[in-house]
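Residue strings, one per chain:
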Amino acid sequence: MILFKDAQKILDDTPVKTETEMVGLDKVLGRILAQDVISTINMPPFNKSAMDGYALISGDKSERFEIIETIPAGKVPQKKVRKGECAKVMTGGIVPEGADRVIKTELTVEKGGFMTMTGEETNKNVCTAGEDIQKGDRVLDKGIRIRPQEAGVLASVGLARVKVYQKPRVGVLSTGTEIVSPGKNINPSQIYDSNSYSLSAQVLRSGAELSGYKMVRDKPDKIRKAVSDFLSQCDVLIISGGVSMGDYDYVPSVLKKLGFKLHFEKVAIKPGKPTVFASKGYQYVFGVPGNPVSSFVVFELFVRPFFLRMMGHKYEPLWISGLLEKGIQRRKTHRDSYIPVEHKKGSIKTLPYHGSAHIHALTKANALLCIPRGEKEFKTGKKVHVRPI
Ligand code: AMP
Ligand code: MG
């Protein structure tokens, strides 16, 4: 059995091959940027009015201002504003030469081609050319994960396509003679296959590509064929079940027979002890325990960060801190325990949880709390850090 950090180091040190592709902006969500993005323009590109109002010269104390033109957004002004003059300008319109502030419409009256101010304000209401982004600025860094706001930035600097890392193609294979596809009838010794669906959803949520999912019985030759079939079309295969000490747990031996190197087979975490990581060239297999909470947790701890590494991104989980609502004790302390919790307004609440088969507990949880090896107790009110799920 190896420690969590040693397993993590093995995964971090495993060579991966990253490849890139160009994608249009409507396909960038969740992708990892494979280039720095340098702006070729200023944002805003011109001195822009932040209000509907009248552009004039600061400090011009004229009683009334002659309106020399109207400037809707999208129009280039034709005239220069001088003392005693103003230009009527709409939000997003160019503030004309000469003018350096905009008096908002609410503080004015307009009559017979003249504007008179009815109130004072200190705001200039002008967004200066280049105040948000300067031409030549690096606006986004290679390796970041693209969220909606980054998609917006890419578009605002005029890029229609961008270079991103290719997604790893991932297969999900659920082993177990007792598991049955949802929608079918089950007999008293059988259970529904939930891992195919939770793992597939985790694959998609991580930003990787799901090649497909399949169930296989606990038969070495069947498992071997299913693994080979997946590996002819995938970069990574996640196999659930069949990795423990039972008489029908064939996954490690099948992987060895197929020429895979097993880097670890047991990790000091709970749930998730019998976790397998194997590789052959640039193909990888994760063997995760069949209990649904175990497979879920192992994916979050090891598989997701590895997928992101394959896509050129250094994954850092977001840790949220809070105060433990009720103390936790445990007897055995030789593994890191991950417990489903609910984080709410700075408070961490443990939930009814019966162990690694209790997938329903995860539906009430929004984070995992880790009790590290060696710790017997977390007292009520302790400040802890949890990892959102
Ligand atoms: P295993 O890791 O194969 O020993 O399985 C551990 C437990 O998880 C057993 O109770 C299995 O029935 C259950 N299990 C295995 N695979 C699945 C699956 N795909 N969906 C739901 N439960 C599973
Ligand atoms: Mg099994």
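Residues numbered from 1 in each chain as written. Chains lettered and ligands numbered in written order. Predicted model: local features only at pLDDT ≥ 70, side-chain atom pairs only at ≥ 80, totals over all residues. Heavy atoms only, no water.

Bringing the environment of Glu150 into the picture now. Checked against the element boundaries, Glu150 lands in helix α2 (residues 148-156). What makes Glu150 buried here is its relative accessible area of 10%. Linking Glu150 and Gln35, residues 115 residues apart in sequence, is a C-alpha distance of 13 Å. Not counting chain neighbours up to four residues away, the residues in contact with Glu150 comprise Leu140, Ile144 and Arg145. (Helix = DSSP H or I, 4+ residues; strand = E, 2+ residues; numbered from the N terminus. Buried < 20%, exposed > 50% of the residue type's maximum accessible area, 1.4 Å probe, protein only. Contact = heavy atoms within 4.5 Å.)

What follows concerns the sheet that holds strand β21 (residues 283-288). Strand order across the open sheet formed by six strands is β16-β13-β17-β21-β20-β18, with mixed pairing between neighbours. Edge positions in the sheet fall to β16 (209-216) and β18 (261-264), since each of these pairs with one other strand and no more. Pairs of neighbouring strands in the sheet enclose a mean axial angle of 20 degrees, with direction left out of account. Bridge count for strand β17 (residues 236-240) against β21 is five bridges, and the pairing is parallel. Bridge pairing in β21 places Val236 opposite Tyr284. Along the sheet, helix α6 (residues 292-310) contacts β13 (169-175), β17, β20 (276-280) and β21; its crossing angle with β21, the most-contacted strand, is approximately 165 degrees. (Pairing = 2+ DSSP bridges. Axes fitted to C-alpha atoms, helices over the stretch in contact; angles between N-to-C directions.)

Before going further, it helps to spend a moment on the site of ligand 1. Of all residues adjacent to ligand 1, which total 17 residues, the nearest are Glu178, Asp193, Ser194, Gly242 and Gly290. Contacts to ligand 1 include Asn195, whose backbone N or O atom sits 3.4 Å from a nitrogen atom. Contact with the protein chains removes 79% of the 480 Å² of surface that ligand 1 exposes when unbound. Mapped by element, the contributors of at least two residues to the shell around ligand 1 are β13 and β15 (191-192). Classifying every residue of the shell around ligand 1 by side-chain character gives five nonpolar, ten polar and two charged. (Near = heavy atom within 4 Å. Polar contact = N/O pair within 3.5 Å; in protein donor to acceptor, adjacent residues only side chain to side chain. Areas by Shrake-Rupley, 256 points an atom, 1.4 Å probe, with all protein chains shown as cover. Nonpolar A, V, L, I, M, F, W, Y, C, P; charged D, E, K, R; others polar.)

For the rest of this paragraph, the subject is the pattern of salt bridges. For the coordinates displayed, the defined rule picks out 18 salt bridges. Among the salt bridges present, the one from Asp6 reaches Lys5, with a minimum N-O distance of 3.9 Å. With a relative accessible area of 55%, Lys5 lands in the exposed category. The residue Asp235 makes a salt bridge to Arg169 at a minimum N-O spacing of 3.0 Å. Residue Asp235 is located in the loop between α4 (220-231) and β17, and its partner Arg169 is located in strand β13; the two are separated by 66 residues in the primary sequence. For Arg169, a relative accessible area of 35% gives the class partly exposed. Each of Asp36, Arg138 and Asp141 takes part in salt bridges that share partners, so that together they form one network. (Salt bridge = Lys/Arg side-chain N within 4 Å of Asp/Glu carboxyl O.)

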